[in-house]
Amino acid sequence: MYFSPLLLSCGALLSGLVAGVPVIRSTASKPFVVVKNSCPHSIVAGTSTNGNEYGNSLSISAGGSHTFDYDAPWEGRIWARKSCQGKTCDFSGMWAPTSLAEFHFFEGSQEDFYDISFVDGWNLPLSISPNSKSDNPYNVARHCGAPKVSSLPSCPAGFETDDGACASACSHYRTPEYCCTGSNGSSDTCKGSSYAAKVKAQAPDAYSYAFDDETSVYTCKADGYTVTFCP
Ligand SMILES: *[C@@H]1O[C@H](CO)[C@@H](O)[C@H](O)[C@H]1NC(C)=O
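Everything in this summary refers to the structure shown in the same document. Since the structure is predicted, the reported quantities are computational estimates derived from the model, not experimental observations. (Residues numbered from 1 in each chain as written. Predicted model: local features only at pLDDT ≥ 70, side-chain atom pairs only at ≥ 80, totals over all residues. Heavy atoms only, no water.)

As a further point, take the layout of surface pockets. Roughly 290 Å³ of internal volume is contained in the second largest pocket. A169, S193, Y195, A196 and V199 are the residues nearest the centre of the second largest pocket, which is lined by 29 residues in total. Secondary-structure elements contributing two or more residues to the lining of the second largest pocket are α2 (169-173), α3 (176-179) and α4 (194-202). Per-element tally for the lining of the second largest pocket: the top contributor is α4, with 5 residues. (1 Å grid on protein atoms, 1.4 Å probe; cavity = no way out; pocket = protein on both sides within 12 Å on 5 of 7 lines; lining within 4 Å. Points joined across faces, edges and corners; volume = space filled by probe spheres on them. Helix = DSSP H or I, 4+ residues; strand = E, 2+ residues; numbered from the N terminus.)

Here it is, written out as structure tokens:
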């Protein structure tokens, strides 16, 4: 996940603030994500927990849906492919990138984080919407918003992957400068490349590089979320 330490401390601050106001929704329910396939073809949808290389995946027919259930706290990703082979179906990352829906579910009343990430690359259009809204007494930006990318950014020549996705500049070049690692490993030293700027211009709701937090993170405490592929 691409939440910076800065953002996490901001999240901790928010939860501290929110602790002082009445809790508006049941916090007993477990987090879940309904994955809807609105593509005109079946998809293989996967989910993995951050820190685990592989997760699990399953096929969803055109027009169908499947619900992934989680135990809070949980932090990880959901993706889908039109088709895939073997172990690759259970993986999404720099070596086999896809569009990502990322979630960080917290326990109790602390608000969840979620985002669309094209930091590794992209393959299918997608959206995330909270199934219900929580109060927003401090007017947090993009609170309970629904990030959506209806059409994918254009793919720079040579960035296409074997399975038809588009690699980001990070996944393509794998250098500290494009991946915001090493001497470019902080929000002060990684401001995004010209590649990332083009992705942001074409998909403003999605993360275009690792420290793109300011315009890309959504918060909510919803009774479940819906990720739609080909919205
Ligand atoms: C990475 O660091 C170099 C050297 O400080 C800087 O010139 C460059 O703009 C940085 N890259 C990004 C993407 O911010």
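Around the ligand, the neighbouring residues are E177, N184, T189, C190, K191 and G192. A distance of 3.3 Å separates a nitrogen atom of the ligand from a polar side-chain atom of E177. Separating an oxygen atom of the ligand from a backbone N or O atom of T189 is a distance of 3.4 Å. If the ligand stood free it would expose 360 Å²; the protein chains cover 52% of that surface. For the shell around the ligand, the class distribution of residues is 1 nonpolar, 3 polar and 2 charged. (Near = heavy atom within 4 Å. Polar contact = N/O pair within 3.5 Å; in protein donor to acceptor, adjacent residues only side chain to side chain. Areas by Shrake-Rupley, 256 points an atom, 1.4 Å probe, with all protein chains shown as cover. Nonpolar A, V, L, I, M, F, W, Y, C, P; charged D, E, K, R; others polar.)

Attention shifts here to the sheet that holds strand β1 (residues 32-37). In space, the 5 strands of this open sheet follow the order β4-β1-β14-β9-β10, with mixed pairing throughout. Two strands bound the open sheet, and with one partner strand each, they are β4 (65-69) and β10 (148-149). Alignment of β1 against β4, held across 5 bridges, turns out to be antiparallel. Within the sheet, the bridge partner assigned to V35 lies in β4 and is H66. (Pairing = 2+ DSSP bridges.)

The subject of this paragraph is the packing of aromatic side chains. Counted according to the given criterion, the structure contains 17 aromatic pairs. Arranged with centres 6.0 Å apart and planes meeting at 50 degrees, the rings of Y173 and Y195 form a pair that is tilted. In this pair, Y173 sits in helix α2 while Y195 sits in helix α4, placing the two residues 22 residues apart along the sequence. On the basis of relative accessibility, which here comes to 37%, the residue Y173 falls in the partly exposed class. Judged by relative accessible area, Y195 falls into the partly exposed class, the value being 24%. Aromatic side chains Y178 and Y195 sit 5.8 Å apart centroid to centroid with 70 degrees between the ring planes, which places their arrangement in the edge-to-face category. Linking Y178 in helix α3 with Y195 in helix α4, this pair joins segments that are 17 residues apart in sequence. Judged by relative accessible area, which is 27%, Y178 ranks as partly exposed. Members of the aromatic cluster, each reached through a chain of ring pairs, are Y70, W74, F103, F105, Y114, Y218 and Y225. The ring of Y54 has K87 sitting right over it, with the charged end atom 4.4 Å from the ring centre. The aromatic ring of Y218 is capped on one face by R142, whose charged end is 5.8 Å from the ring centroid. (Phe/Tyr/Trp six-rings, centres within 6.5 Å; stacked < 30°, edge-to-face > 60°. Buried < 20%, exposed > 50% of the residue type's maximum accessible area, 1.4 Å probe, protein only. Lys NZ or Arg CZ within 6 Å of the ring centre and 35° of its normal.)

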